[in-house]
Amino acid sequence: MSAVSDRLPAFPWDKLAPYKATAAAHPGGIVDLSVGTPVDPVPELVQKALIEAADSPGYPTVWGTPELRDAITGWVERRLGAREVTHRQVLPVVGSKELVAWLPTQLGLGPGDRVAYPRLAYPTYEVGARLARAEYEVYDDPTALDPEGLKLLWLNSPSNPTGKVLSKQELTRIVAWARSHGILLFSDECYLELGWEADPVSVLHPDVNGGSYEGIVAVHSLSKRSNLAGYRAAFLAGDPEVLAPLLEIRKHGGMMTSAPTQAAVIAALGDDDHVRVQRDRYAARREALRSALLHHGFRIEHSEASLYLWATRGESCWDTVAHLAELGILVAPGDFYGEAGESHVRVAFTATDERVREAVRRLLS
């Protein structure tokens, strides 16, 4: 019997190891801009909420406390412009990567079913399809896909890795097309609060969905907006006819967010000030790195949102990775995200201010 791991591609980050070693040998130390992991402190009010909920001896519920569901529904209405969102239309999950990887399986997809995602995309969309033994394909425009057998359509705006943002008009057109063909649409919006040269819009906005959540679900995470990657906290919002069976499946699977984490999420979603502070940090790092990369001969494409700069020197991404590694700077090769990224690199601006300043100094030297 074939192992489940045999269905998966090679873990791409392992290929970066020799370049990381080169960068780490730089006299000034490595500047790791390859993985978009938060480095700034967890907001104090969130830490306080976690600590106060530390005495949680009982099992948490998969659906979360009523207070957590109130926090999620309130946030999607306040921040995303969604209307009349009820508890039946939200579901906490244990980080968005877990959801993406196991969603096709939990939806009951399998051989003969098709999953589609952007041509340049987070690799876990493909992993999720492989785990379910479903077919998978990439697109430039999803409405050009053959709808026959297409059971799950992933959108990702703002995009990882490119930072590209789908306009309200594009989202409206895609949602209408998916509905007309009975295709379930999941929109990964984890970077939505990090728009720089665009104002990202959610599929939950009534201008996009016509006031109905039928056939659409949005995925949101607190990892980036609130520096909670270590807490594993995310949630879904959208069609209750989709979320209800997912809730039941996740109950059987024990996929529950810890009680202290639920309390932390309530605090994080109820406060916008810490998000503004973190945005300001990222904005300054983004501008510094962007200017230095341009000075060094790079071209920046898209990158109007998210935590990354999508950069190219018009050469193989691995040549670029090697070049920057010699400067002690580690970045992610674009082909990690699909063949279309073979001449680009993804540069995260999630390093500390000190490390970003050091990268800038080296790029300008």
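Refer to the structure presented above.
Residues numbered from 1 in each chain as written. Predicted model: local features only at pLDDT ≥ 70, side-chain atom pairs only at ≥ 80, totals over all residues. Heavy atoms only, no water.

1. Examining unusual backbone geometry
Note: most peptide bonds trans; most residues except glycine with negative phi. For the bond from serine 157 to proline 158, the omega torsion is -5°, close enough to zero to count as cis. Following the sequence through the fold, proline 158 ends up in the loop between β5 (150-156) and α6 (168-180). The phi torsion at arginine 133 lies on the positive side, around 65°, for a residue other than glycine. The residue arginine 133 is located in the loop between α5 (124-132) and β4 (135-139) in this model. Positioned with a positive phi, asparagine 227 is a non-glycine residue whose angle comes to about 60°. Relative to the helices and strands, asparagine 227 is located in the loop between β7 (216-221) and β8 (234-238). For asparagine 227, a relative accessible area of 7% translates into the label buried. (Helix = DSSP H or I, 4+ residues; strand = E, 2+ residues; numbered from the N terminus. Buried < 20%, exposed > 50% of the residue type's maximum accessible area, 1.4 Å probe, protein only.)

2. Concerning the sheet that holds β8
Spatially, the seven strands line up as an open sheet ordered β2-β8-β7-β6-β5-β3-β4, and their pairing is mixed. Of all the strands in the sheet, just β2 (90-93) and β4 have a single pairing partner and so form its edges. Each neighbouring strand pair of the sheet contributes to a mean axis angle of 20°, computed without reference to strand direction. Alignment of strand β3 (residues 114-118) against β5, held across three bridges, turns out to be parallel. Paired with arginine 114 across the strands is leucine 150, a residue of β5. (Pairing = 2+ DSSP bridges. Axes fitted to C-alpha atoms, helices over the stretch in contact; angles between N-to-C directions.)

3. Things to note about the side chain of serine 187
Within the secondary structure layout, serine 187 lies in strand β6 (residues 184-188). Under the relative-accessibility criterion, serine 187 is labelled buried at 2%. If we ignore the near neighbours within four places in the chain, the residues touching serine 187 are Leu155, Val203, Val217, Ala218 and Val219. (Contact = heavy atoms within 4.5 Å.)

4. Section: the pattern of salt bridges
All told, the structure shown has 22 salt bridges when counted by the stated rule. With a closest N to O distance of 3.1 Å, lysine 168 and aspartate 207 form a salt bridge. Here aspartate 207 lies in helix α7 (residues 206-209) and lysine 168 lies in helix α6, a separation of 39 residues in the sequence. Lysine 168 sits in the partly exposed class, given a relative accessible area of 28%. Judged by relative accessible area, which is 46%, aspartate 207 ranks as partly exposed. The salt bridge involving glutamate 301 is made with arginine 299; its shortest N-O contact spans 2.8 Å. For glutamate 301, a relative accessible area of 23% gives the class partly exposed. On the accessibility criterion, arginine 299 (47% relative accessible area) is partly exposed. Salt bridges sharing partners connect three or more residues here, namely Asp40, Arg285 and Asp353. (Salt bridge = Lys/Arg side-chain N within 4 Å of Asp/Glu carboxyl O.)

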